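Structural features, examined
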Amino acid sequence: MPDLESRPASPNPRRAWPALLGITLIVAAAALAFAWVAGWLTPSRLTPQRFTNAIETSNGHIYRGFRRAHAKGVCVAGYFEGNGQGVTLSSARIFAPVRTPFVGRLSVGGGSPYGLDSKARVRSMALELNSDDGQQWRMAMNSFPFFGVASVQAFYEQTVANTPDPATGQPDPVKQAAFAKAHPEFARFAAWAKSAPWPTSWANTTYNGVNTFRFINRAGEQHDVRWSMQPQTAFAAMSSEQREAADGNFLSEDLDVRLAQGPMRWDMVVTVAKPGDPIVDPSQSWPEDRRHVIVGTVVIESTTPQTTGACRDINYDPLVLPTGVEGSGDPVLAARSAVYSVSFNRREHDIASGKAASATGPAAPQGAKP
Ligand code: HEM
């Protein structure tokens, strides 16, 4: 016979209801927060998901398994060799006179992994540096010297304006003109795109960080900086006739030939801002007379295809930074971090669910390889 006296008293429903109400409120608040972050409560708010959707739409096709922007590229590997000059600016380990290995990626702008290299105005370099103090620095740089627009919203509007009209397969010139009128800073970028010479190779292209970062040295001193990777390979320009005649994959073919002869090198040049220089607007350049410090050398030694190489599963989020480097508060950096994450998750999901496009898929135009 069980001892009824020793049983725990059954809960008093009157005492339980405040706790139940509290739990319900916490669950409701979590659901609301989730809905807010996902943008379900604010259909017009620009969320990372909506930005990524707009990029996918402007590509005209979802190339599953690939980056939603800068989709065509190759993995590269090598090291960064600091020369010691950077330690006065930042305590990041890579600036010491040591070699820091990286997994990198050279790519072209655009949403198709099968696009023609001759049509890609923008070329890019991304690096994930793993230093011997266990820290990581990821960076993604472009061949344009400044960003086309001053804000995240403006870049979204540019993406929408460049979306092909289903009727013509081309962007609507009226929408593009309206965008350019609303964002006068874009004229400088358009002039660059029209007139800047096209280098013949990934090897002789300059890659610019464009956004501003904050360097902090061991003494705690701070400097606002931007950086560029400037090629040690001599510059050579490509005429439009040469581009037209070039193979659709001439950049990766050229890279293979060059790497068979030896590594390729770039100087990392850090530019230090003066008070008053624009920090949170990457469309504005700094005056030429700012202090430039060569802090080391990027050395690329080998390459592998992006579909099988180590860069495939790296998100080159520009806000993954080591001690001694911080973001500057530029909203474009925060947006990049958020949108790259969505793009990364979508491609990894494609790959994990066996939906990645292949080189022979229906979306692949002739001649191009992913
Ligand atoms: C709000 C502005 C921007 C948006 C929304 C944006 C969006 C994207 C997206 C979705 C990707 C693909 C990421 C992935 O799947 O891993 C990407 C890649 C890239 N972006 Fe941006 N981007 C922005 C600004 C910039 C700027 C200012 C630069 C350079 C200075 C830049 C350089 C790059 C590079 C180099 C890559 C290729 C990285 C790789 O090889 O994985 N982007 N961008």
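Residues numbered from 1 in each chain as written. Predicted model: local features only at pLDDT ≥ 70, side-chain atom pairs only at ≥ 80, totals over all residues.

**As for the overall build of the protein**
When helices and strands are tallied, the protein shows eight helices and 12 strands. Along the first, second and third principal axes, the C-alpha set of the protein runs to 95 × 60 × 45 Å. Long-range contacts, defined here as pairs at least 24 residues apart, represent 74% of the contacts in the protein between residues at least 6 apart. (Helix = DSSP H or I, 4+ residues; strand = E, 2+ residues; numbered from the N terminus. Contact = placed C-beta atoms within 7 Å.)

**Brief notes about the environment of Pro331**
Mapped onto the elements of the fold, Pro331 is located in helix H8 (residues 331-352). For the pair formed by Pro331 and Asp281, sequence separation is 50 residues and the distance between their alpha carbons is 8.5 Å. Excluding residues that lie within four positions of it along the chain, Pro331 makes contacts with Ser151, Val152 and Val280.

**Regarding the site of the ligand**
Around the ligand, the surrounding shell holds 31 residues, and the nearest of these are His70, Ser124, Ala140, Val210 and Ser343. Considering each element in turn, the shell around the ligand owes the most residues, eight residues, to H8. Of the residues belonging to the shell around the ligand, the class tally is 17 nonpolar, nine polar and five charged. (Near = placed C-beta within 6 Å. Nonpolar A, V, L, I, M, F, W, Y, C, P; charged D, E, K, R; others polar.)

**Some words on the packing of helix H3 (residues 152-161) against helix H4 (residues 173-182)**
One can describe the packing of H3 onto H4 by two numbers: an axis separation of 9 Å at closest approach and a directional angle of 165°. It follows that H3 is roughly antiparallel to H4 by the angle criterion. In the crossing of H3 with H4, the sense of the turn from one axis to the other is left-handed. Facing Glu157, Gln158 and Ala161 of H3, the residues of H4 in contact are Lys175, Gln176 and Phe179. (Axes fitted to C-alpha atoms, helices over the stretch in contact; angles between N-to-C directions. Parallel < 35°, antiparallel > 145°, perpendicular 65-115°, else oblique. Left-handed = near helix turned anticlockwise from the far one by under 90°.)

**Structural notes on the nonpolar core**
With 46 residues, the main nonpolar core has Met125, Met229 and Met268 as its most contacted residues. Every residue in contact with Met229, bar those within four places of it in the chain, is listed here: Met125, Met141, Thr206, Tyr207, Trp266, Met268 and Val298. Listed in part, the eight residues of the second largest apolar core include Phe147, Val149, Phe186 and Val210. (Core = buried A, V, L, I, M, F, W, Y, C linked by C-beta atoms within 7 Å. Buried ≥ 20, exposed ≤ 12 C-beta atoms within 10 Å, placed from the backbone.)

**Notes on unusual backbone geometry**
Peptide bonds are mostly trans, and most non-glycine residues show a negative phi. If you check the backbone angles, His70 has positive phi at about 55° while not being a glycine. Locating His70 in the fold gives a position in the loop between helix H2 (48-59) and strand S1 (72-82). Residue class for His70 comes out buried when judged on the 24 C-beta atoms lying within 10 Å of it. The phi dihedral of Val210 is positive, around 70°, even though this residue is not glycine. With respect to the helices, strands and loops of the structure, Val210 is situated in the loop between strand S6 (207-208) and strand S7 (213-216). Given 22 C-beta atoms within a 10 Å radius, Val210 is considered buried.

**Description of the environment of Ser118**
Tracing the sequence through the fold places Ser118 in the loop between strand S2 (99-108) and strand S3 (123-130). Assessed through the 19 C-beta atoms surrounding it within 10 Å, Ser118 is described here as partly exposed. C-alpha of Ser118 to C-alpha of Thr200: the two residues are 82 residues apart in sequence and 9.9 Å apart in space. Dropping the residues within four chain positions of it, Ser118 is found in contact with Arg243, Glu244 and Ala246.

**Observations concerning H2**
A rise of 1.5 Å per residue sets the reference length of H2, with its 12 residues, at 16 Å; its end C-alpha atoms lie 17 Å apart and thus fit the reference within 8%. Regarding H2, the residues found buried are Pro48, Phe51, Thr52, Ala54, Ile55 and Asn59. Take H2 and look down its axis: the buried residues cluster within an arc of 155°, on one side only. At its buried positions, H2 is contacted by H3 and H8. A positive phi of about 80° marks Gly60, the residue just after H2. (Expected span 1.5 Å × (residues − 1). Arc of directions from axis to C-beta.)

**Some thoughts on the packing of H2 against H8**
For the pair H2 and H8, interaxial distance at closest approach is 8 Å and the crossing angle is 65°. For the pair H2 and H8, the sense of crossing is right-handed. Facing Pro48, Gln49, Phe51 and Thr52 of H2, the residues of H8 in contact are Ala338, Val339, Ser341, Val342, Ser343 and Arg346. Split by residue class, the contact of H2 with H8 holds five nonpolar, four polar and one charged.

**Here's the deal with the pairing of S7**
A one-sided burial pattern is seen for S7, the buried positions being Phe213 and Phe215 and the unburied ones Arg214 and Ile216. In this structure, S7 lies alongside strand S8 (residues 222-231), joined through four bridges in antiparallel fashion. Looking at S8, one finds that Phe215 is bridged to His223. Two successive antiparallel strands, S7 and S8, enclose a turn made up of five residues, where Gly220 displays a positive phi of approximately 85°. Relative to strand S12 (residues 325-327), S7 is paired through three bridges, and the arrangement is antiparallel. (Pairing = 2+ DSSP bridges.)

**Remarks on the pairing of S2**
Burial of S2 is extensive: eight of the 10 residues sit out of reach of the surface. For S2 and S3, the ladder comprises seven bridges, and the chain directions are antiparallel. Bridging across to S3, Val103 finds its partner in Glu128.

**A word on the environment of Ile300**
Mapped onto the elements, Ile300 comes out in strand S11 (residues 291-305). Assessed through the 23 C-beta atoms surrounding it within 10 Å, Ile300 is described here as buried. Sequence separation of Ile300 and Ala126 is 174 residues, and the distance between their C-alpha atoms is 12 Å. Not counting chain neighbours up to four residues away, the residues in contact with Ile300 comprise Val76, Gly78, Gly104, Pro263 and Met264.

Don't take any of this as a statement about function, it's just geometry.
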